Amino acid sequence: MAEQTMAAPSSQRIQLLKVLGPAHVWALGVGIVLVGEFMGWNYAVGKGGAYGALIACWVIGLLYTCVAMIDSEITSTVAAAGGQYAQAKHTIGPLMAFNVGLYLVLAYTMLEAGDIQVAGQLIQIGIGELGSTVNWVPFTVLSLAILAWLNYRGVFMTLTVNFVITAAAFLTIIILFIGLQPWNPHEIMRHTELLTDLPYGWLGVIAAFHFGIWFYLGIEGTCQAAEEVRSPGRALPLGTMTGIITLLIAAGLTWYVCVGMLPWEYLGWDATLAPLFDAARVSGSTFLHVALFVGTLFSAIASANGCINDAARAWFSMGRDRYLPQWFGAVHPRYRTPYRSIVFLIPIAAIFAIWVPLAQIITFSILSGLLNYTFMPINMWSFRKKWPIGSIRRGFEHPFHPLPAAVLLSLCIITFFAVYLGYGRQLLAMMFFYIVASLWFHFRRYQFVRRGDQFTMAWPKPLGY
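Residues numbered from 1 in each chain as written. Predicted model: local features only at pLDDT ≥ 70, side-chain atom pairs only at ≥ 80, totals over all residues. Heavy atoms only, no water.

Engineer: Quick question: what am I supposed to make of the overall build of the chain here?
Structural biologist: Counting its secondary structure elements, the chain contains 19 helices and 0 strands. Taken along its principal axes, the extent of the C-alpha atoms in the chain is 70 × 45 × 40 Å. For the chain, the residues scored as buried account for 60% of the 465 residues in total. Summarising the internal contacts of the chain: among those between residues at least 6 apart in sequence, 84% fall at separations of at least 24. About 17500 Å² of surface is accessible on the chain, with carbon and sulfur atoms providing 69% of the total. For the chain, the distance from the average site of its 26 positive side-chain charges to the average site of its 20 negative ones is 16 Å. (Helix = DSSP H or I, 4+ residues; strand = E, 2+ residues; numbered from the N terminus. Buried < 20%, exposed > 50% of the residue type's maximum accessible area, 1.4 Å probe, protein only. Contact = heavy atoms within 4.5 Å. Areas by Shrake-Rupley, 256 points an atom, 1.4 Å probe, with all protein chains shown as cover. Lys, Arg positive; Asp, Glu negative; His and termini not counted. Charge placed at Lys NZ, Arg CZ, Asp CG, Glu CD.)

This is how it looks when you write it as structure tokens:
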């Protein structure tokens, strides 16, 4: 029981810096997600055809709009590192908080692994086009090491870099769209020839929901840095809602460009790494070819950078609250970052990036994210019940409650079925993993948790605290 009485003085004295504004929140959310426009979403085409992927794009877009609305209200009020984990420990309790923390860490770590795998393979492709042959693994490891160093040194620099490269990556999607002359439908793009009916019927459309998530997965990451935002009530809702609008636009443009340039059979093929880059390559324009190479690489780097930030914040928060060993709850005395959590999670991402296929990595990330989204409606109902409107000061009040929560829960259930259609074993394996982890927490870690200390907000405490 030594851990129960031995505190980590440095982690209690040194706090995270409040240096972030709305642009950094936007860069964190969109930076994590935008890579999904450049790769991964196209597997939805293989499940449901081009039109099936479009339906999945907009239905899952509704799911994430509900996520953004709910997160904007609760996180702007519970402004603490860990995002949904911090919400869960205030509104529901330790066991749910522990699981939500794991959902977040695994979702971001797996997404990070997929990102750096793509970055390394893209560099390999680029060098191959210049006439040389190289192995992609060293580039993947080097990219991860540089991003880990950047995160280690400070969140302001990390997210400022993310803002620049995310904006540049988003701009390349606009450039490609304009460069393919959409005002001349038959000049370059061939929608009439390439678009077909639903090849696998409506069951294929539902199956496409699985990878439709990749268009938006990670926008909830805006909440992870809530403790480091200068004005949570303004910056978090503004950054999150503008982020989801940006992604809805990017997703629509991406689908339109890719299905007008590439056959759906090719788009949905597992070996298709970066469909926007492929669309630029077949356009015949050297400028677009180079621009989309840079955009795809920037999007992968920005996403991995944000994922390192978010996974470390969730792991750090769990260590600080004794859900994990307190050693992980340390803050660097100079850089004011959760440096131990950052360093600990990097090798895990590297292992998956090097040895696990991209589609499997994406599925692991999607499943963890989906479990987190399923928690959100429960969290929202509990939050409004325990602290009704007017009882506490909120930074933002999302409209139409409880409709967004009900829609979110319904869409999560449908998407679980979609995942089961293609990756049933992985779904069951992940559920088994979280059950085992919950049992470990209950029997081995719960004794160290001081539940009364979990409640950090100046609100009336509900029963149980």
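Engineer: What am I meant to see in the packing of aromatic side chains here?
Structural biologist: Geometrically, a pair of aromatic rings is defined through the distance of the ring centres and the angle of the planes. Applying the stated criterion across every chain yields a total of 27 aromatic pairs. Where Tyr152 meets Tyr339, the ring centres are 5.9 Å apart and the plane angle is 80 degrees; that geometry is what we call edge-to-face. Taken as a pair, Tyr152 in helix 8 (residues 137–153) and Tyr339 in helix 16 (residues 339–355) lie far apart in primary sequence, 187 residues in all. Taken together, the aromatic side chains of Tyr85, Phe98, Tyr323, Trp440, Phe441 and Tyr446 make up a single cluster linked through ring pairs. (Phe/Tyr/Trp six-rings, centres within 6.5 Å; stacked < 30°, edge-to-face > 60°.)

Engineer: I'm lost on the confidence of the model for the chain in this one. Help?
Structural biologist: Interpretation of this model should avoid reading the predicted coordinates in detail wherever pLDDT is low. Averaged over all residues, the pLDDT of the chain equals 88, while 96% of them reach at least 70. Mean pLDDT values over the elements of the chain span from 39, in helix 1 (residues 2–5), up to 95, in helix 16. Scored below 50 in pLDDT, residues 1–12 shows 22 contacts in the model against residues more than four places distant or in partner chains. (pLDDT = per-residue confidence, 0-100.)

Engineer: Can you walk me through the layout of surface pockets in this structure?
Structural biologist: In this approach the atoms are scanned with a rolling probe the size of a water molecule, which exposes any empty space left behind. What the second largest pocket holds in volume is close to 320 Å³. Taken together, 17 residues make up the lining of the second largest pocket; nearest its centre are Leu106, Met110, Ile348, Phe352 and Phe433. Listed by contribution, the elements that provide at least two residues to the lining of the second largest pocket are helix 7 (94–129), helix 16, helix 17 (358–386) and helix 18 (403–445). Broken down by element, the residue count for the lining of the second largest pocket peaks at 6 residues, all from helix 7. Here the residues of the lining of the second largest pocket sort into 15 nonpolar, 2 polar and no charged. (1 Å grid on protein atoms, 1.4 Å probe; cavity = no way out; pocket = protein on both sides within 12 Å on 5 of 7 lines; lining within 4 Å. Points joined across faces, edges and corners; volume = space filled by probe spheres on them. Nonpolar A, V, L, I, M, F, W, Y, C, P; charged D, E, K, R; others polar.)

Engineer: Looking at this structure, how should I read a nonpolar patch on the surface?
Structural biologist: On the surface, a nonpolar cluster with roughly 510 Å² of combined accessible area is contributed by Leu203, Phe417, Tyr420, Leu421 and Leu428. Among the elements that make up the nonpolar patch, the one with the highest residue count is helix 18 (4 residues). Along the chain, Leu203 falls in helix 11 (residues 201–212). (Patch = residues over 30% accessible without salt bridge, like charges linked within 9 Å, V, L, I, M, F, W, Y side chains within 5 Å. Salt bridge = Lys/Arg side-chain N within 4 Å of Asp/Glu carboxyl O.)

Engineer: What should I look at first to understand the nonpolar core in this one?
Structural biologist: Most often, soluble globular proteins have nonpolar side chains that are buried together. In this structure, Leu34, Leu63, Tyr64, Tyr216, Tyr373 and Leu408 are the most contacted members of the largest nonpolar core, which totals 151 residues. Aside from chain neighbours lying at most four places away, what touches Leu408 is Leu63, Cys66, Val67, Ile70, Tyr373, Met376 and Pro377. (Core = buried A, V, L, I, M, F, W, Y, C linked by side-chain atoms within 4.5 Å.)

Engineer: Just to check I follow, could you spell out the side chain of Glu220 for this structure?
Structural biologist: The topology assignment puts Glu220 in the loop between helix 11 and helix 12 (232–259). Buried and unpaired, Glu220 has no salt bridge, with Arg313 as the nearest side chain of opposite charge at 15 Å. Within the structure, the side chain of Glu220 is placed 3.0 Å from the side chain of Tyr373, a separation counted as a polar contact. Apart from residues lying up to four places away in sequence, Glu220 is in contact with Tyr64, Val67, Asp71, Gln84, Tyr108, Asn372, Tyr373 and Met376. (Polar contact = N/O pair within 3.5 Å; in protein donor to acceptor, adjacent residues only side chain to side chain.)

Engineer: How should I be thinking about the pattern of salt bridges in this particular structure?
Structural biologist: Pairing is possible between side chains of opposite charge, provided their charged atoms come close. Within this structure, the stated rule accounts for 7 salt bridges. Between Arg281 and Glu129 there is a salt bridge; the shortest N-O distance is 3.0 Å. You can see Arg281 sitting in helix 14 (residues 275–282) and its partner Glu129 sitting in helix 7, a full 152 residues away along the chain. Residue classification places Arg281 among the partly exposed residues on the basis of a relative accessible area of 33%.

Engineer: Got a minute to help me understand helix 6 (residues 84–91) in this structure?
Structural biologist: With 8 of 8 residues buried, helix 6 is to be regarded as a mostly interior element. Within helix 6 the residues assigned to the buried category are Gln84, Tyr85, Ala86, Gln87, Ala88, Lys89, His90 and Thr91. Its buried side turned inward, helix 6 meets helix 5 (43–77), helix 7, helix 15 (286–320), helix 17 and helix 19 (451–454). The positive-phi residue at the C-terminal boundary of helix 6 is Gly93, with phi of around 155 degrees.

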